[in-house]
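Listed below, chain by chain, are the residues.
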Amino acid sequence: MKNFLDQIHTTLYEKLGFKTNVFDDAFIEKVLLDRIQFHSVLNLEEYFQLLLKSKDEASILNEKLLNSHSEFFRDTLTFSVLESIVLPAILIRLKSQNRKEIRIWSAACASGQEVYSIAILLEEIKRNTTAPFTYRIFATDQSNIQIKKAIEGKYHISALNKMSLKRVNDWFIIDGEMVSMKQELKKNVEFSVFDLLHPSLSSPPVSIFGDFDIVFCANLLFYYKDEFRKLILSKVSKSLASDGYLITGETEREIVRRNNFIELFPRSAIFKMNSTYFKMRNENFDEGNIQYRA
Ligand SMILES: C[S@@+](CC[C@H](N)C(=O)[O-])C[C@H]1O[C@@H](n2cnc3c(N)ncnc32)[C@H](O)[C@@H]1O
């Protein structure tokens with residue numbers, strides 16, 4: 001298997017310029033098995049021959065590895081704890097620190113559903129509170145294509161499955177089979193391309209300084225090798241405000257817990273840095289021999 005994986009890493013790099021050797025072996029194996037089943041080929045060797053002959057298949061495989069699936073209010077428990085506990089706590093802290101702005105980074109925003117879900121929560125809180133506050137969401141992804149989709153904010157109507165009718169009426173414009181986000185959800189969002197494996201930067205240049213109250217880094221850690229997960233989490237920790245929150249995908253909770261973060265509410269996928277890690281975070285992370293993407 002390892003040999004075939006090495007060959008596939010090399011082929012994808014030579015054909016598409018994409019370095020897949022950063023991905024977790026189990027994740028790659030699962031994607032490859034899905035493709036083997038899809039083509040009804042017998043084994044990895046046959047699939048590899050097919051892959052060598054077909055540019056289309058190489059690019060489909062590349063897309064599967066990049067995995068840009070997203071949903072509005074994706075993890076129900078996470079968003080409900082965010083709405084009822086975390087955001088109100090941040091508002092209280094804002095007041096005590098004499099600050100007005102909540103700073104949020106959605107670090108792998110894909111086509112934007114996560115960003116607009118956060119903006120909906122914040123706009124709804126604004127409508128129901130007398131305490132004035134502003135917010136800025138920095139929404140980034142490594143993929144230019146995903147960022148363009150996120151800026152457009154247009155989705156198939158099936159994307160609204162988890163949404164209450166009130167939210168649909170309040171925040172979406174329906175046009176046949178498609179829905180678009182209302183403009184007011186975009187006014188406090190800055191979209192830009194940013195690679196979390198950037199060799200030196202810890203947060204997107206457009207944010208100027210990190211100091212985020214919340215960083216969403218959801219549903220991408222699981223597909224990286226452990227050293228890259230550590231690197232991404234180290235960057236995120238440097239960009240968080242001292243009492244900031246990290247939010248990941250529900251399936252990534254174990255990875256985050258193993259890396260110096262404490263889950264604040266059971267099963268919520270909402271974390272804070274542990275105090276030792278917090279003290280260490282300004283020291284240079286040992287990046288060893290990590291090979292970054294070309
Ligand atoms: C499965 S989507 C998750 C989208 C959203 N966070 C969610 O949970 O619904 C994963 C996204 O991570 C992005 N991604 C993967 N590696 C990245 C990196 N090194 N830097 C920035 N974005 C990355 C991919 O382009 C993809 O859009």
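### Looking at the overall build of the chain
Looking only at helices and strands, one finds eleven helices and ten strands in the chain. Computed over its C-alpha atoms, the radius of gyration of the chain comes to 20 Å, within 12% of the 19 Å expected for a compact globule of 294 residues. Seen through its principal axes, the chain has C-alpha atoms that stretch 65 × 55 × 35 Å. Looking at the 294 residues of the chain, the share that counts as buried comes to 50%. For the chain, contacts bridging at least 24 residues in sequence account for 71% of all contacts bridging at least 6.

### Looking at the pattern of salt bridges
In total, this model carries 18 salt bridges according to the counting rule given. Here R136 and E190 are joined by a salt bridge, their closest N and O atoms 2.4 Å apart. Placement of R136 in strand β2 (residues 134-141) and of E190 in strand β6 (residues 189-193) is noted, with a sequence separation of 54 residues between them. Several salt bridges converge on common partners, so that one network encompasses R93, R99, D213 and D243.

### Re the site of the ligand
The local shell around the ligand holds 21 residues, among which S70, R74, A108, D141 and Y224 are the closest. Contacts to the ligand include A108, whose backbone N or O atom sits 2.8 Å from a nitrogen atom. In this structure, a nitrogen atom belonging to the ligand sits 3.2 Å away from a main-chain N or O atom of Q142. About the coverage of the ligand: the protein hides 99% of its 600 Å² of free accessible area. Of the residues contributing to the shell around the ligand, the split by class is eleven nonpolar, six polar and four charged.

### Some details on the state of the cysteines
Considering all chains together, one arrives at zero disulfides under this definition. Here C109 stays free of any disulfide, with the sulfur of C217 as its closest cysteine sulfur at 12 Å.

### Some remarks on the packing of aromatic side chains
According to the stated counting rule, one finds 15 aromatic pairs in the structure shown. Taken together, F23, F27, F222, Y223 and Y224 form an aromatic cluster joined through their ring pairs. It is R103 that lies over the ring of F209; its NZ or CZ is 4.0 Å from the centre. It is K272 that lies over the ring of Y245; its NZ or CZ is 4.7 Å from the centre.

Reading the values: the criteria
- Residues numbered from 1 in each chain as written.
- Predicted model: local features only at pLDDT ≥ 70, side-chain atom pairs only at ≥ 80, totals over all residues.
- Heavy atoms only, no water.
- Helix = DSSP H or I, 4+ residues; strand = E, 2+ residues; numbered from the N terminus.
- Rg over C-alpha atoms; globule rule 2.2 N^0.38 Å.
- Buried < 20%, exposed > 50% of the residue type's maximum accessible area, 1.4 Å probe, protein only.
- Contact = heavy atoms within 4.5 Å.
- Salt bridge = Lys/Arg side-chain N within 4 Å of Asp/Glu carboxyl O.
- Near = heavy atom within 4 Å.
- Polar contact = N/O pair within 3.5 Å; in protein donor to acceptor, adjacent residues only side chain to side chain.
- Areas by Shrake-Rupley, 256 points an atom, 1.4 Å probe, with all protein chains shown as cover.
- Nonpolar A, V, L, I, M, F, W, Y, C, P; charged D, E, K, R; others polar.
- Disulfide = S-S within 2.5 Å.
- Phe/Tyr/Trp six-rings, centres within 6.5 Å; stacked < 30°, edge-to-face > 60°.
- Lys NZ or Arg CZ within 6 Å of the ring centre and 35° of its normal.

As far as function goes, none of this settles anything; it's purely spatial.
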